[in-house]
Amino acid sequence: MAILEIIKYGNPVLTRKAELIKTIDQEILDLAQDMISTMHAAPGIGLAAPQVNISKRLITVDLSVGEKPDDLVVLINPEFIKTEGEDVSEEGCLSVPGVQEKIKRPARVLVKGMDLQGREKIIEAEGLLARVFCHEIDHINGKLFIDNLSPLKKALIKKRLKKEHALG
Ligand code: NI
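Residues numbered from 1 in each chain as written. Predicted model: local features only at pLDDT ≥ 70, side-chain atom pairs only at ≥ 80, totals over all residues. Heavy atoms only, no water.

Colleague: What exactly am I supposed to notice about the sheet that holds strand β7 (residues 120–126) here?
Modeller: A sheet is described by the order of its strands in space; here five strands give the open sequence β1-β2-β3-β6-β7, paired in antiparallel fashion. Every other strand in the sheet has two partners, leaving β1 (46–48) and β7 as the edge strands with one partner each. Mean inter-strand twist for the sheet, computed between neighbouring axes without regard to direction, equals 35°. Bridging between strand β3 (residues 73–84) and strand β6 (residues 108–114) involves six bridges; their strand directions are antiparallel. Paired with E79 across the two strands is K112, which belongs to β6. Running over the sheet, helix α1 (residues 26–41) touches β1, β2 (58–61) and β3 and is turned about 35° from β2. Each of β1, β2, β3, β6 and β7 is contacted by helix α2 (residues 127–140), which is oriented at about 155° to β2, the strand it contacts most. (Pairing = 2+ DSSP bridges. Helix = DSSP H or I, 4+ residues; strand = E, 2+ residues; numbered from the N terminus. Axes fitted to C-alpha atoms, helices over the stretch in contact; angles between N-to-C directions. Contact = heavy atoms within 4.5 Å.)

Colleague: What is the right way to read the environment of N11 from this model?
Modeller: Secondary-structure assignment places N11 in the segment before α1. Sequence separation between N11 and M39 is 28 residues; the distance between their C-alpha atoms is 19 Å.

Colleague: Would you take a moment to explain α1 for this structure?
Modeller: Since the α-helix advances by 3.6 residues per turn, residues separated by three or four positions end up pointing in the same direction. With 16 residues, α1 should reach 22 Å at 1.5 Å per residue; the first-to-last C-alpha distance of 22 Å fits that figure. Within the sequence span of α1, burial applies to I28, L31, A32, D34, M35, I36, S37, T38 and M39. Buried-residue contacts for α1 involve β1, β2 and β3. (Expected span 1.5 Å × (residues − 1). Buried < 20%, exposed > 50% of the residue type's maximum accessible area, 1.4 Å probe, protein only.)

Colleague: Looking at this model, I keep getting lost on the environment of I3. Mind explaining?
Modeller: Locating I3 in the fold gives a position in the segment before α1. Each C-alpha atom, one on I3 and one on A155, is 32 Å from the other, the two residues being 152 residues apart in sequence.

Colleague: It is not clear to me how the pattern of salt bridges should be interpreted in this structure. Could you clarify?
Modeller: Pairing of side chains with opposite charge becomes possible as their charged atoms draw close. Under the counting rule described, the total for this entry stands at nine salt bridges. Here R131 makes a salt bridge to E91, at a shortest N to O gap of 2.6 Å. With a gap of 40 residues between them, R131 in helix α2 and E91 in strand β4 (residues 87–91) connect regions that are remote in the sequence. K153 serves as the salt-bridge partner of E101, at 3.2 Å between the closest nitrogen and oxygen. Here E101 is found in strand β5 (residues 101–105), whereas its partner K153 is found in helix α3 (residues 151–167), with 52 residues between them in sequence. On the basis of relative accessibility, which here comes to 13%, the residue E101 falls in the buried class. Counted as one network, the salt bridges with shared partners bring together D87, E91, R105, R131 and D138. (Salt bridge = Lys/Arg side-chain N within 4 Å of Asp/Glu carboxyl O.)

Colleague: Explain α2 to me, please; I cannot follow it from the model alone.
Modeller: The end-to-end C-alpha distance of α2 is 21 Å, a good match for the 20 Å that 14 residues give at a rise of 1.5 Å each. When we look at burial in α2, the residues that qualify are A130, R131, V132, F133, C134, H135, E136, I137, D138, H139 and I140.

Colleague: Which parts of the structure should I look at to understand the pairing of β7?
Modeller: Remark: a regular strand shows side chains that alternate across the two faces of the sheet. Two strands pair when backbone bridges link them, and β6 and β7 are joined in this way by seven bridges, in the antiparallel orientation. Residue pairing for β7: L110 is matched across the bridge by E124. Here β6 folds back onto β7 in antiparallel fashion, the turn holding five residues, of which G118 has a positive phi close to 85°.

Written out as structure tokens, the structure reads:
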């Protein structure tokens, strides 16, 4: 198991639509383990493969950040079956350090994907868990949470990030 580098805002891998995973081979199993370690070490409650520079549709989610094994979810090729309601809450991202913004998300989601054994999983989530699924599925579609803001607000944040990046 390894702790991987988390790719930051500005890298094109974060804006690319990630590839479907067709076979669950050793590479995918290792990647999932490394993503779990990386997410826990960050610490974070969710991670998507593009954030570790792998453009594949794989996400890890753990609201307990390693405290409760039952909270850990690894999903291959996750997609929404249904989204419902609305919830506005503060959100951040390991790839966009220092930025916290209120983002509107569905209040409840039904997500479908595969676990590491290749079994189909259907997960019902609400509140923070629903938000994390939305955030991570956005990542594999090449979308960052700040892309959900108004164009003006997004432009201001991008300007700030660019400046910080230029300064070091
Ligand atoms: Ni993120």
